[in-house]
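Listed below, chain by chain, are the residues.
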Amino acid sequence: SFHRRDIARARSNPRRKGLYGQQHHALDAFGQHSSQMDSCLSSASGRASPGSPTTMMGRLACGLDLLLWGSNDVSLEDLPPHGSETWQWFISSNPKAMRAPLVADPKTEAAFRMLRCRDDDVFVCSYPRCGLSWAHALSWHLLRSNESGQLPFRDPTTIVGGKGPVYPDQPPTKWTHQDVSAQAHPRLLSGHCSVQRLPPSFLQSKARLIVIDRDPRDAMVSTFFRLKRLGQKFRALECHDARLKELADACEALTLERCYDDFDSQKTSLALGMDDEAHYETRKRSATEDVSELDYGDYYEWHAQYASLASQLGQRVLWLHYEDLSTDPHSAAERIHTFLFSKPATSDKIDGAVRFASFDETAARGDDALRKGVVGDHKIYLSREHWDAVAHQCCRRLGGYDAMHYQIARLVQDVPSALKRVPKSKRKAVKALSAQTRRAPSDSWDLPAPGSTRASSSWFKR
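Along each chain, the written sequence defines residue order, and numbers are assigned to residues from 1. Note on the predicted model: pLDDT of at least 70 is required for a residue's local features to be given, and 80 or more for side-chain atom pairs to be given and counted; whole-chain, interface and lining totals, by contrast, use all residues. Just so you know, side-chain values use all the structure's heavy atoms and leave hydrogens and water out.

A closer look at the overall build of the protein chain
Put simply, the rule is: Secondary structure elements follow DSSP: runs of H or I of four or more residues count as helices, runs of E of two or more count as strands, with numbering from the N terminus. The cut-offs for exposure are 20% and 50% of the maximum accessible area for each residue type, with area from a 1.4 Å probe on protein chains only; residues under the lower value are buried, those over the upper are exposed, and the others partly exposed. Here, residues are in contact when the closest pair of their heavy atoms is within 4.5 Å. Throughout, the Shrake-Rupley method with a 1.4 Å probe supplies accessible areas, and for residues the shown protein chains are the sole cover considered.
The helix and strand tally for the protein chain stands at 22 helices and 6 strands. Taken over 462 residues, the protein chain has a buried fraction of 54%. When contacts within the protein chain are restricted to residue pairs at least 6 apart in sequence, those whose partners lie at least 24 apart make up 72%. Split by element, the accessible area of the protein chain, about 20,800 Å² in all, is 51% carbon and sulfur.

Here you go:
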């Protein structure tokens, strides 16, 4: 947005106070690296020569790559100030607890729907903030490494999926849908899409599916903090599209109570005092508003669809739990390998996959979607009333699906009264699993047994 003359004035007197003096570093970066940026964009997006609209799209793609991955390869100052005419993607104006993609490309999603699935394809799916990056990293390394746990390339980020999931509805950044489709066999496709948005050819093929679930309370808290962090990144890119400003405003104004409301499409606000005075009144949740055609649905609807699909596909589906990935990643990696190759893996291969998918290494590769990677974080931020409401809703809407009994059993541990919401034919199995899960060291944040003298205070201190 600065003229050449203004740039020259700022450079000639970098200590000059005022707008130009404050921005001289950004201006120097823009001027010095413009040619490097154009070459970077040509290689990253496969687009045309500098100055064309396609190059502008490439610049915005670099901006989105910075947004999704936190990459240090591209500086925000290198992006053009005006790109609305080329940013032709879906951008939400309301985060809706990530019940739909915040930034999406309908063309990419349509191409994903037309994908011809192969019998050796592997799909990894989870609801947002339920462990997709974790399971994707484990699966990707197990598929690409040898028996010694070594990858055939030095830098995994140069290979499709090596940095993290390439979502089927995200705008093209460094990797496009064509790159995902051209992967080496077996292909790995990861995302949050609902069952209705899977390629129709998936059911006709013998492709396999890995699903990851998570305690809905932890997923909701993680969603809230992810949206708050994304709000800052959208703010940094708001100059490229006015809709990004609206989305940044919505993310920054988001409260935990509002996120709790949006997480469930069939319940009104508890109004428990976690908002300001103006938000105490009961309100219709934003789920009643128009949503994108790419909507995932709420947590309960999404898992109900996949649990039904799992019962239909049988051995083609592996159902994992975030809690197992967190507490015993080696066992989870062994289950994934047995599912993919129908044989046990060597200890070296399992160790390599677990190390590759570890929190520190995943963050070092540039995937900034990670937050804590812990179990039970909701006990810091949510009240007992929230636990009760989530437990009753989860038992009511998901109690009839065997695949969800693990999460329901964990909820029943904290809220025993929710067991009555489970269908009578399933209560005995859930109750037995709940007792087994409590005794198993699968959750370092487990509350003491109901009625314990330390159930009300000591758990928080720990």
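Details of the side chain of H378
Looking at the secondary structure, you find H378 in helix α18 (residues 378-381). Among the residues examined, H378 registers a relative accessible area of 1% and is labelled buried. Residues in contact with H378, not counting those within four places in the same chain, are D215, R217, D218, V221 and W387.

Overview of the packing of helix α7 (residues 132-144) against helix α16 (residues 347-356)
What counts, and what does not: Between N-to-C directions, angles span 0 to 180 degrees; the directions come from axes that are lines fitted to C-alpha atoms, helices contributing only their stretch in contact. Should an angle fall under 35 degrees it is called roughly parallel, over 145 degrees roughly antiparallel, and 65 to 115 degrees roughly perpendicular, with every other angle called oblique. Crossing handedness is read from the near helix: turned anticlockwise from the far helix by less than a right angle, it gives a left-handed crossing, and turned clockwise, a right-handed one. Residue polarity follows a fixed list, in which Ala, Val, Leu, Ile, Met, Phe, Trp, Tyr, Cys and Pro are nonpolar, Asp, Glu, Lys and Arg are charged, and the others, Gly among them, are polar.
At a minimum axis separation of 8 Å, α7 and α16 run at an interaxial angle of 140 degrees. Classified by the angle between their axes, α7 and α16 sit oblique to one another. As for the relative orientation of α7 and α16, their crossing is right-handed in sense. Of the residues in α16, those in contact with A137, L138, W140, H141 and L142 of α7 are K349, I350, G352, A353, V354 and F356. Partitioned by chemical class, the residues of the contact of α7 with α16 number 8 nonpolar, 2 polar and 1 charged.

Observations regarding unusual backbone geometry
The amide bond that connects H185 to the next residue, P186, takes the cis arrangement and shows omega of -10 degrees. With respect to the secondary-structure elements, P186 resides in the loop between α8 (177-181) and β4 (188-191). Although it is not a glycine, K96 adopts a positive phi angle of roughly 50 degrees. You can see K96 is positioned in the loop between β1 (90-91) and β2 (103-104).

Overview of the packing of aromatic side chains
Where two aromatic rings form a pair, the distance of their centres and the angle of their planes describe that pair. The condition that has to hold: Two aromatic rings from Phe, Tyr or Trp, using only the six-membered ring of Trp, form a pair when their centres are within 6.5 Å; if the ring planes differ by under 30 degrees the pair is stacked, by over 60 it is edge-to-face, and anything between is tilted.
A complete count under the given rule lists 13 aromatic pairs for this structure. Centroid distance Y127 to W302: 6.0 Å. Interplanar angle 65 degrees. Geometry classified as edge-to-face. Linking Y127 in the loop between β3 (122-126) and α7 with W302 in helix α13 (residues 299-313), this pair joins segments that are 175 residues apart in sequence. The residues Y127 and W302 share a single accessibility class, namely buried. Their ring planes at 75 degrees and their centres at 5.1 Å tell us that F224 and F225 sit as a pair that is edge-to-face.

Observations concerning α7
Along an α-helix, a turn takes 3.6 residues, which lines up residues three or four apart on a common side. Heads up, the condition is: In this analysis, the expected span of each helix is defined as 1.5 Å times one less than the number of residues it contains.
Look at α7: 18 Å from first C-alpha to last across 13 residues, which is about the 18 Å you get at 1.5 Å a residue. Of all 13 residues that make up α7, 13 are buried, and the element is covered over most of its length.

Thoughts on the pairing of strand β6 (residues 317-321)
The two faces of the sheet receive side chains in turn, since in a regular strand these alternate between them. For the record, the criterion: Only strands joined by at least two bridges in the DSSP assignment are considered to pair.
Counting buried residues along β6, 5 of its 5 residues qualify, which places the element largely inside the surrounding structure. Burial along β6 is two-sided: V317, W319 and H321 and L318 and L320, pointing in opposite directions, are all buried. Sheet analysis places strand β5 (residues 208-213) next to β6, joined by 5 bridges and oriented parallel. If you follow V211 over to β6, its bridge partner there is W319.

As for the pattern of salt bridges
Spelled out, the test is: Basic side-chain nitrogens of Lys or Arg form a salt bridge, by our definition, when they fall within 4 Å of a carboxyl oxygen of Asp or Glu.
Considering all chains together, one arrives at 18 salt bridges under this definition. Between D264 and R397 there is a salt bridge, and its shortest N-O distance comes to 3.1 Å. Here D264 is found in the loop between α12 (256-263) and α13, whereas its partner R397 is found in helix α19 (residues 384-398), with 133 residues between them in sequence. Note that D298 and R397 form a salt bridge whose closest N and O atoms lie 3.0 Å from each other. One end of the pair, D298, is in the loop between α12 and α13; the other, R397, is in helix α19, and 99 residues separate them in sequence. Residues D298 and R397 agree in their burial class; the two are buried. One connected set of salt bridges, linked through shared partners, spans D215, R217, E323, R410 and D414.

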